[in-house]
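One letter stands for each residue in the lines below.
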Amino acid sequence: MDIAGRRVSVPLPARRIILGDGPLAYVVALLQPGDPFAGVVGWADNFRSADLGGYEAYRARFPEIDQIPTFRGAAVGAITAELAISLDPDVVMLNLSSRPAAESSGLIAHLARARIAVVFVDFRTRMFGNTTRSIEILGELLGRTGRASAFLRFRQAQIERVTGPLARVAARPSVMIERAAGLYDDCCLTYGHGNLGELVAAAGGDNLGTHFLQGAFGTLHPEQIIASAPAVVLVTGANWSLYSPAGDWVNLGPGANLLEARRRLARLMRRPAYRTLEAVRAGRVHAIWHPFYDNPYYFIALQRVAKWLHPEHFAWLDPEQTFRELHRRFLPVPYQPGYWVSLGPAL
């Protein structure tokens, strides 16, 4: 049974896999770190284009990943049934958010006729609700159920290090999250009730987007942000040099130059939506690695955001050490700092 509740028949363990969304590579690496991509016969190129720093960290360890066939973008329409069939996979992994398009385009029906299974997982739509089952599904598919269970125990313990103390905290500072700040001309893309909006709520914040948006994603007008006067500003960033080489996005990820990232974050705060905010004057402005938003490692972001929002309750918590431990115990590449940065009051 996949995360969409569909009963799927797949030969186990699956030997040939297509990743319909490139960042699913992070899950595969977690479950079979010795040779993580040996069974990947195709993937969306957004592992590279949406997170070049992360891709290069894996390419340094596994240079053969450059030879894996790619298709453009994460949209389900980017992979046709003909392309998928030509790669002869046992299974095609898709995000739950792709299900409507996969059904309406006929992709699932075409693959079914070719006896190729489609399995949905979800680390994005319901981060906290669907991650456990999605990891279990991938563990079953790859024949790595023991490793999946070990990771899930580690993940749950790290989540409880935040949720436990917050059960006794009543104050919830308001937070404006800007999604992919500086990547687009428009301001300000944000999160509503799902995804990183859900994470900010779990970290003890009052996500501004939930007051104005019905869905998981949307846009707030700069004047609305000014009028709302959030106590904290949080933006997401990554190495998007293949998307927008001249953009003002904050370059974050393994090995990122945090001095330059801080300069870019400061420039973003000079836009009309932010420049008069007390949060900016006080330096309560932070940037965090964008790929946390659809990645089972999001509990690292949970710890980091909770520490920003409630420093008095989490002085003892070290999210960077947690991330180092995740790499040491579960991942095949070494940890490199660079996943978050703050302005501080000296702006």
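Residues numbered from 1 in each chain as written. Predicted model: local features only at pLDDT ≥ 70, side-chain atom pairs only at ≥ 80, totals over all residues. Heavy atoms only, no water.

Novice: Whenever I open this one, the pairing of strand 5 (residues 117–121) confuses me. Can you help?
Specialist: For a regular strand, side chains alternate in direction, first toward one face of the sheet and then toward the other. The buried fraction of strand 5 is high, at 5 of 5 residues. Burial along strand 5 is two-sided: the residues Ala117, Val119 and Val121 and Val118 and Phe120 are all buried. (Buried < 20%, exposed > 50% of the residue type's maximum accessible area, 1.4 Å probe, protein only. Helix = DSSP H or I, 4+ residues; strand = E, 2+ residues; numbered from the N terminus.)

Novice: What is the right way to read the pattern of salt bridges from this model?
Specialist: Oppositely charged side chains are able to pair whenever their charged atoms sit close together. Counting across every chain of the model gives 15 salt bridges. Among the salt bridges present, the one from Glu103 reaches Arg99, with a minimum N-O distance of 2.9 Å. Linking Glu103 with Arg99, this pair stays in helix 5 (residues 99–104), spanning 4 residues, or about one helical turn. Accessibility expressed as a relative area gives 43% for Glu103, which makes it partly exposed. Classification of Arg99 as partly exposed rests on a relative accessible area of 27%. A salt bridge links Asp248 to Arg267; its shortest N-O distance comes to 3.3 Å. Note that Asp248 is positioned in the loop between strand 10 (232–237) and helix 11 (258–268) and Arg267 in helix 11, a separation of 19 residues in sequence. The exposure class of Arg267 is partly exposed, given its relative accessible area of 33%. Several salt bridges converge on common partners, so that one network encompasses Asp248, Glu260, Arg263, Arg264 and Arg267. (Salt bridge = Lys/Arg side-chain N within 4 Å of Asp/Glu carboxyl O.)

Novice: Help me understand the packing of aromatic side chains in this model?
Specialist: Aromatic ring pairs: the centre-centre distance and the angle between the two ring planes describe each pair. One pass over the structure, following the stated rule, counts 25 aromatic pairs. On the basis of an interplanar angle of 75 degrees and a centroid distance of 5.3 Å, the ring pair of Tyr26 and Phe47 is categorised as edge-to-face. You can see Tyr26 sitting in helix 1 (residues 25–31) and its partner Phe47 sitting in helix 2 (residues 46–49), a full 21 residues away along the chain. Of the two residues, Tyr26 and Phe47, both sit in the buried class. Considering the side-chain rings of Phe314 and Trp316, the 5.9 Å spacing of their centres and the 45 degrees angle between planes classify their relative orientation as tilted. Owing to a relative accessible area of 0%, Phe314 belongs among the buried residues under this scheme. Judged by its relative accessible area of 47%, Trp316 is partly exposed. A cation over an aromatic ring shows up here: Arg179 above the ring of Phe217, its NZ or CZ 4.3 Å from the ring centre. (Phe/Tyr/Trp six-rings, centres within 6.5 Å; stacked < 30°, edge-to-face > 60°. Lys NZ or Arg CZ within 6 Å of the ring centre and 35° of its normal.)

Novice: Even after reading the chapter, I still don't get the packing of helix 8 (residues 145–166) against helix 14 (residues 319–330), so can you show me in this structure?
Specialist: Each pair of packed helices can be summarised by the angle the axes make with each other and by the distance between the axes. Direction vectors running N to C along helix 8 and helix 14 enclose 170 degrees, while the axes themselves pass 12 Å from each other. With respect to their mutual orientation, helix 8 and helix 14 come out roughly antiparallel. Residues Arg147, Ala150, Phe151, Phe154, Gln158 and Arg161 of helix 8 lie in contact with helix 14, whose contacting residues are Thr322, Glu325, Leu326, Arg329 and Phe330. Grouping the constituent residues of the contact of helix 8 with helix 14 by class yields 5 nonpolar, 2 polar and 4 charged. (Axes fitted to C-alpha atoms, helices over the stretch in contact; angles between N-to-C directions. Parallel < 35°, antiparallel > 145°, perpendicular 65-115°, else oblique. Contact = heavy atoms within 4.5 Å. Nonpolar A, V, L, I, M, F, W, Y, C, P; charged D, E, K, R; others polar.)

Novice: Help me out: how do you make sense of the packing of helix 8 against helix 13 (residues 298–309) in this one?
Specialist: Packing of helix 8 against helix 13 leaves a shortest axis separation of 9 Å and a crossing angle of 15 degrees. Classified by the angle their axes make, helix 8 and helix 13 are roughly parallel. Of the two possible hands of crossing, helix 8 and helix 13 adopt the one that is left-handed. On helix 13, the residues that touch Phe151, Phe154, Arg155, Gln158, Ile159, Arg161 and Val162 of helix 8 are Tyr298, Phe299, Leu302, Gln303 and Ala306. The class makeup of the residues in the contact of helix 8 with helix 13 is 8 nonpolar, 2 polar and 2 charged. (Left-handed = near helix turned anticlockwise from the far one by under 90°.)

Novice: Is there a simple way to explain the sheet that holds strand 12 (residues 340–342) in this structure?
Specialist: Paired through their backbone hydrogen bonds, the strands of a sheet run either parallel or antiparallel. In space, the 5 strands of this open sheet follow the order 8-6-10-11-12, with mixed pairing throughout. For this open sheet the edge positions go to strand 8 (206–207) and strand 12, each flanked by a neighbour on one side alone. Inspection of the sheet shows strand 6 (residues 174–178) paired to strand 10 by 4 bridges, in the parallel sense. Its bridge partner lying in strand 10, Glu178 is registered against Val235. The strands touched by helix 11 are strand 10, strand 11 (285–289) and strand 12; relative to strand 12, the strand with the most contacts, the crossing angle is about 55 degrees. Packed onto the sheet, helix 13 meets strand 6, strand 10, strand 11 and strand 12 and runs at close to 175 degrees relative to strand 11. (Pairing = 2+ DSSP bridges.)

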